[in-house]
Amino acid sequence: MIRPTTVRDESLPGAVTIYEVGPRDGLQNEKAVVPVEVKAEFIGRLVAAGLPVVEATSFVHPRWVPQLADAAELVARLPLDGPTPLPVLVPNERGLDRALAAGVRHVAIFASATETFARKNLNSTLDDQLAMFEPVVARARAAGLDVRAYVSMCFGDPWEGAVATEQVVSVGRRLLDLGASQLSLGDTIGVGTAEHVQALVRAFGEAGTDVGSLAMHFHDTYGQALANAYAALQVGVTTFDASAGGLGGCPYAESATGNLATEDLVWMLDGLGIEHGVDLPSLVATSVWMAEILAKEPASAVVRALR
Ligand code: HMG
Ligand code: MG
């Protein structure tokens, strides 16, 4: 398999963590509902390909995201005590109860940086969503679970337009103060560009947030996801969310399309000599297999080139 020539830039991080979101962010937005045994095989193949974290599903209201209504059934098929964390989304205490009953060890809450998306995605307000998350984080941590927090609409909102950096930092800091161990900054609709990314990361730094606790979650709607990942590397970010084959989107955000494709990220990291631990041929084979099941062309340029 052809590979990029590695040319190392010592000013960039030497290793990164790829947080795979294909089974959750990818499949939540597919029209086809993928059978539970296929989802379990997908996750197993991603773990076997070396992805160090694989977000498995969501314990949200099944009417809101019917594609992931089988969360409990899926989780029962997964190696929850294995070495690879398999986090799930939980929006509220009801979701946490379901996740705990299923034996989950890692959860993620997801907040909005804007009022409109808090309403559309969580039937809540900016402040009420934080009140909703407070007992979720407290109880999850008391049960020994690891909690990640997302902020959506960090670079723009389809209903409100531009989103102020201070607003994103304020919501993000409140989530960290609740006890989340990692904050994933979501470009839900893919409108961010490179300097905007760096400005946001710097603003968190100025507010006292360690860059090591930040992750970047890019969607590729306007073709900027990889450039934005490179920009984030330049300011020291070392965790990147990505989705195998570029599957993905968000059912409650207009014009949210696929995530940054994991294969495209891996290709760039290989060229930069940045360690990630993922076996590209196995990952490409997995995305080709999933694209056949979904009967669609893979969004990832690297998958299309290598298959
Ligand atoms: P609601 O209708 O306001 O819920 O929805 P409620 O609290 O009023 O409860 C109504 C009923 O739902 C009750 O049942 C609850 O028990 C039940 P009833 O008493 O009527 O029989 N219920 C639940 N059932 C199962 N699981 C639950 C649950 N919660 C309540 N967890 C709610 C509020 C938060 C539940 C809803 O808005 C929801 O599920 N939203 C999730 C939307 C979603 O999953 N969006 C996609 C993920 S976010 C994303 O993709 C962005 C991200 O990728 C980052 C980025 O790109 O920026 C993370
Ligand atoms: Mg997303």
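Quick caveat, the model's predicted, so the values are computed rather than measured.

**Q** Would you explain the coordination of the magnesium ion (ligand 2) in this entry?
**A** Four donors placed tetrahedrally around a metal ideally meet at 109.5 degrees, and six donors placed octahedrally ideally meet at 90 or 180 degrees. Within the protein, the atoms that donate to the magnesium ion (ligand 2) are Asp25 (OD), His217 (NE2) and His219 (NE2), at distances of 2.1 to 2.3 Å. Look at where the donors of the magnesium ion (ligand 2) fall in the sequence and you get D-x191-H-x1-H. Here histidine 217 lies in strand E8 (residues 214–218) and aspartate 25 lies in helix H1 (residues 22–26), a separation of 192 residues in the sequence. Grouping residues by exposure puts aspartate 25 and histidine 217 together as buried.

**Q** Help me out: how do you make sense of the pattern of salt bridges in this one?
**A** Taken as a whole and assessed by the stated rule, the structure comprises 12 salt bridges. Here aspartate 25 and arginine 24 are joined by a salt bridge, their closest N and O atoms 3.6 Å apart. No difference in accessibility class separates aspartate 25 from arginine 24, as the two residues are buried. In this structure, glutamate 55 and arginine 24 form a salt bridge, with 2.7 Å as the shortest nitrogen-oxygen distance. Taken together, the residues span a long stretch of sequence, with glutamate 55 in the loop between strand E2 (53–54) and strand E3 (57–58) and arginine 24 in helix H1 at a distance of 31 residues. Overall, glutamate 55 belongs to the buried group, its relative accessible area being 0%.

**Q** I keep staring at the site of ligand 1 and nothing clicks. Help me out?
**A** Ligand 1 sits among 27 residues. The nearest are His61, Asn92, Asn121, Asn123 and Thr188. In this structure, histidine 61 approaches ligand 1 through a main-chain N or O atom, which is 2.9 Å from an oxygen atom. Elements with a contribution of two residues or more to the shell around ligand 1: H1, helix H4 (93–101), helix H5 (115–122) and strand E6 (146–152). Counting residues per element, the shell around ligand 1 draws most heavily on H4, which supplies 3 residues. Taken together, the residues of the shell around ligand 1 sort by class into 12 nonpolar, 11 polar and 4 charged.

**Q** Where do I start with H4 in this structure?
**A** Owing to its 3.6 residues per turn, the α-helix aligns residues three or four sequence positions apart on the same side. Among all positions of H4, only Gly95, Leu96 and Ala99 are buried. Relative to the axis of H4, the buried residues are bounded by an arc of 100 degrees and lie together on one face. When the buried face of H4 is taken as reference, the exposed residues oriented beyond 90 degrees from it are Arg94 and Ala101. Buried residues along H4 sit in contact with strand E4 (88–89), strand E5 (106–112) and helix H6 (126–142).

**Q** Honestly, the packing of helix H2 (residues 36–48) against helix H11 (residues 280–294) in this entry has me stumped. Any pointers?
**A** When two helices pack together, you describe them by how their axes are tilted relative to each other and by the distance separating the axes. Put simply, H2 and H11 touch, their axes get as near as 10 Å, and they point 165 degrees apart. In terms of axis orientation, H2 runs roughly antiparallel to H11. Both H2 and H11 take part in a crossing whose hand is left-handed. Across the interface between the two elements, Val38, Glu41, Phe42, Arg45 and Leu46 of H2 pack against Leu283, Ala285, Thr286, Trp289, Met290 and Ile293 of H11. Here the contact of H2 with H11 is composed, by residue class, of 8 nonpolar, 1 polar and 2 charged.

**Q** Explain the side chain of histidine 217 to me, please; I cannot follow it from the model alone.
**A** With relative accessibility at 5%, the residue histidine 217 sits in the buried group. A distance of 2.8 Å separates polar atoms of two side chains, one belonging to histidine 217 and the other to aspartate 241. Residues in contact with histidine 217, not counting those within four places in the same chain, are Val21, Arg24, Asp25, Tyr150, Ser184, Leu185, Gly186, Asp187, Asp241 and Asn259.

**Q** Please explain the sheet that holds strand E1 (residues 17–20) as it appears in this structure.
**A** Think of a sheet as strands paired side by side through backbone hydrogen bonds, with each pair either parallel or antiparallel. Spatially, 9 strands are ordered E2-E1-E9-E8-E7-E6-E5-E4-E3 in an open sheet, and the strand pairing comes out parallel. In this open sheet, the two strands that pair with only one neighbour each are E2 and E3. Pairing analysis gives 2 bridges linking E3 to E4, with the strands arranged parallel. Bridge pairing in E4 places threonine 57 opposite valine 88. Along the sheet face, H6 touches E5 and E6 and points at about 170 degrees away from the line of E5.

**Q** Honestly, the environment of valine 60 in this entry has me stumped. Any pointers?
**A** Among the structural elements, valine 60 can be located in the loop between E3 and helix H3 (71–75). Since its relative accessible area comes to 13%, valine 60 is described here as buried. Separated by 31 residues in the primary sequence, valine 60 and proline 91 place their C-alpha atoms 6.2 Å from one another. Residue contacts for valine 60: discarding those within four places in its chain leaves Val65, Pro91, Arg98 and Phe110.

Rules and cut-offs
- Residues numbered from 1 in each chain as written.
- Chains lettered and ligands numbered in written order.
- Predicted model: local features only at pLDDT ≥ 70, side-chain atom pairs only at ≥ 80, totals over all residues.
- Heavy atoms only, no water.
- Donors = N, O, S within 2.8 Å, 3.2 Å for Na, K, Ca; no water.
- Helix = DSSP H or I, 4+ residues; strand = E, 2+ residues; numbered from the N terminus.
- Buried < 20%, exposed > 50% of the residue type's maximum accessible area, 1.4 Å probe, protein only.
- Salt bridge = Lys/Arg side-chain N within 4 Å of Asp/Glu carboxyl O.
- Near = heavy atom within 4 Å.
- Polar contact = N/O pair within 3.5 Å; in protein donor to acceptor, adjacent residues only side chain to side chain.
- Nonpolar A, V, L, I, M, F, W, Y, C, P; charged D, E, K, R; others polar.
- Arc of directions from axis to C-beta.
- Contact = heavy atoms within 4.5 Å.
- Axes fitted to C-alpha atoms, helices over the stretch in contact; angles between N-to-C directions.
- Parallel < 35°, antiparallel > 145°, perpendicular 65-115°, else oblique.
- Left-handed = near helix turned anticlockwise from the far one by under 90°.
- Pairing = 2+ DSSP bridges.

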